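# Inside the fold
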Amino acid sequence: MDALEKAVVKRVETGSIAEEAGVQPGDVIAAVNGEPLLDILDFKYRTADDMFTVEVHKKNGDIEELEIYNDSYEQFGVEFENPLIDQPRQCRNKCIFCFMDQLPPHVRPTMLFKDDDVRLSFLQGNYVTLTNLDETELERLTNMRVSPLNISVHTTDPALRCKMLGNRFAGNIMELMGRFRDHQMMMNAQIVLCPGINDGMHLKQTVFDLASLMPYIGSVSVVPVGLSKHREGLYPLKSFDSAGAAEVIRQAESWQDEFLTQFGTRLVYLADEFYLLAGSDIPSFGAYEDFPQIENGVGLIAALREEIGAVLKMDLSGKRPKPKTIATGVLAAQTIKQFARQVQTHCMPLKVEVYPITNHFFGEDVTVTGLVCGSDIIAQLKGKPLGEELLICNSMLKDGGNLFLDDTTVADVESALGVPVRKVANTGAEFVAALLE
C-alpha cells in the first residue's frame, strides 16, 4: 500500500487539534515528525507528545507542514478511512478449537478472514496469540509500551500450546509476556478451555504462571470451547457437561480466594456459560470487581441483574407496555425469563413471552445468544403469537448493524414474522426500557 493511500482522513472531531489546524476529510497524513507512518500505532505514539509536526497532503494537492503544540496531551482528533493505516495481519495458527474452522459452507467471505493483529488488541480489545511478531515488531511494541494488550494464552505449557495452536513456534508465551511485564505493559489473558486438553492440572499451571506476572496481568478469563456441527476432519473435541463445568467453578473459586488474599484481586474469572451449564448461582456483582472482561461474556448476567434491580427501584407507574416477545439463546433463556418476570411484577399489564432459539445453523450444541441466526428465529417463531414487537440482543448482529451471521437481515425477520424487531443492548436499562416502552 502506497504511503499516500494509507492515512486518508475520514472524519475530523469537532473542537479537536486537527480541526483547529485545518485538517479536513480527504486529506492525507503523510508523516509525523518527518517520518512516514507504518500504522496507527506509529500515529498514536508520535502524536502523544507535547510538540510534533504533521505533514498533510491536502485534497487540492497542496502540502502543509503543521507544527502542533499540545501541552494538555489531547488526542489529535482524526479518524482514518483505514483504521489501521495498514493491512490487517492474518492468523498463522491452526488452532484445534478455532470456531472459524467450524463455519458452515458458503458463508460470506469476511467471516473467513482470521485476524491476529496486535494493533486491534490495543485499539478494539481483540485477543491475539503473539505468534506472528518478529523481533523488530516486539521491540517497537516494548519501546512504545503499548498497553493494555489482550492475549490468547490457552496454556503456558510450551509443548501443549504448540499443539493447541497448531504452530511449532507458539511455545514461548511466558517469555513474551515476561518481556512485556519487564517494560511495565499491562496485559489481560484469555483461556479457551477444552475438556481433557488444557483443563485440570494444566489449567492450574496456566493460571498460576500468569499470576506470576502480577501486577502487570490485569485479569484472566476462562471460557468454554464452542463446538459447531461442522467439524468434519477437525481435531476431536468435546463440550463441557454439567459436572465438568462444576469442577472448573470449584477450581476457580479456590484460586480466587487465594489471589484475593495475596494480590487484592480475584484475578481469574469464568465466563457465565460455566455457571449456566453447571446450574450454579451466578456470582454477586461485587465478585467481578470492575468487570475487566465483560465483553468476553464474563459477568454479563451479574451486571444485567444489578442494573435491572436499580432501574426497577424507579417510579414506573403510568407505564402501559405493549405485548412483547424475546428471542434468545437456549443457554440464557431461563435467566432472561426470570428477568422478564421481575419486570412484570413491577408493571403488571406487561405481557412478555421468551422463546429459546435452537441453533440449527451452527448446530444444537451451540447455545449462546450471540450466535443465534435470523433463519432459525424465522423458522421457530413463524405462526406464533409475538405481540407487537420482537426483541433480540444486538450481539446477534454484525458490528451492531442489521446482519445476522447467516446473512439474514433484521428486515428479513420482520417481513417473515410480520412484527417489528427491536435490537436491545446488553444493559439492564436497555432491557427494561425495551419491555416497557
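What this report covers is the structure whose coordinates are included nearby. (Residues numbered from 1 in each chain as written. Predicted model: local features only at pLDDT ≥ 70, side-chain atom pairs only at ≥ 80, totals over all residues. Heavy atoms only, no water.)

### Remarks on the sheet that holds strand β13 (residues 389–393)
For clarity, the threshold we go by: Two strands qualify as a pair provided that DSSP identifies no fewer than 2 bridges between them. Where helices and strands are cited, they refer to DSSP runs of H or I of at least four residues and of E of at least two residues respectively, numbered from the N terminus. Inter-axis angles, ranging from 0 to 180 degrees, are taken between N-to-C directions of lines fitted to C-alpha atoms, where helices are fitted over the stretch in contact. Should any heavy atoms of two residues lie within 4.5 Å, those residues are counted as being in contact.
Strand order across the open sheet formed by four strands is β12-β11-β13-β14, with parallel pairing between neighbours. Of all the strands in the sheet, just β12 (352–357) and β14 (421–424) have a single pairing partner and so form its edges. Neighbour-to-neighbour, the strand axes of this sheet turn through a mean angle of 25 degrees, independent of strand direction. Relative to β14, β13 runs parallel, the two sharing four bridges. Considered in β14, the bridge of Leu391 is made with Arg422. Each of β13 and β14 is contacted by helix α14 (residues 410–417), which is oriented at about 140 degrees to β14, the strand it contacts most.

### Focus on the pattern of salt bridges
Going by this rule: A side-chain nitrogen of Lys or Arg and a carboxyl oxygen of Asp or Glu constitute a salt bridge if their distance falls within 4 Å. Partly exposed residues are those whose accessible area sits between 20% and 50% of the maximum for their type, while under 20% is buried and over 50% is exposed, using a 1.4 Å probe and protein chains only.
Per the counting criterion, the structure on display carries 21 salt bridges. Of the charged contacts, one joins Lys94 and Asp101 as a salt bridge, the two residues approaching to 3.6 Å between their closest N and O atoms. By relative accessible area, which is 49% here, Lys94 ends up partly exposed. Here Arg422 ties to Glu389 by a salt bridge, and the two come within 3.8 Å at their closest N and O atoms. Within this pair, whereas Arg422 is found in strand β14, its partner Glu389 is found in strand β13, the two being separated by 33 residues in sequence. A relative accessible area of 16% places Glu389 in the buried class. Bridged by salt links that share partners, the residues Asp39, Asp42, Arg46, Asp86, Arg89, Asp117, Arg119, Glu137 and Arg140 form one connected network.

### Focus: the layout of surface pockets
Our working rule: Think of a 1 Å grid over the protein atoms and nothing else: a 1.4 Å probe that fits but is trapped marks a cavity, an open set flanked by protein within 12 Å on at least five of seven lines marks a pocket, and residues with an atom within 4 Å of a point count as lining. Grid points are joined across faces, edges and corners, and a volume is the space filled by probe spheres set on the points. Each residue is assigned to one class: nonpolar for Ala, Val, Leu, Ile, Met, Phe, Trp, Tyr, Cys and Pro, charged for Asp, Glu, Lys and Arg, and polar for all the others, Gly among them.
Space inside the second largest pocket adds up to approximately 250 Å³. Taken together, 14 residues make up the lining of the second largest pocket; nearest its centre are Leu276, Ser280, Ile282, Thr335 and Gln338. Among the elements of the structure, α10 (272–278), α11 (300–311) and α12 (333–346) are those that each provide at least two residues to the lining of the second largest pocket. For the lining of the second largest pocket, the leading source of residues is α12, giving five residues. For the lining of the second largest pocket, the per-class residue count stands at six nonpolar, six polar and two charged.

Distances and angles like these do not, on their own, reveal function.
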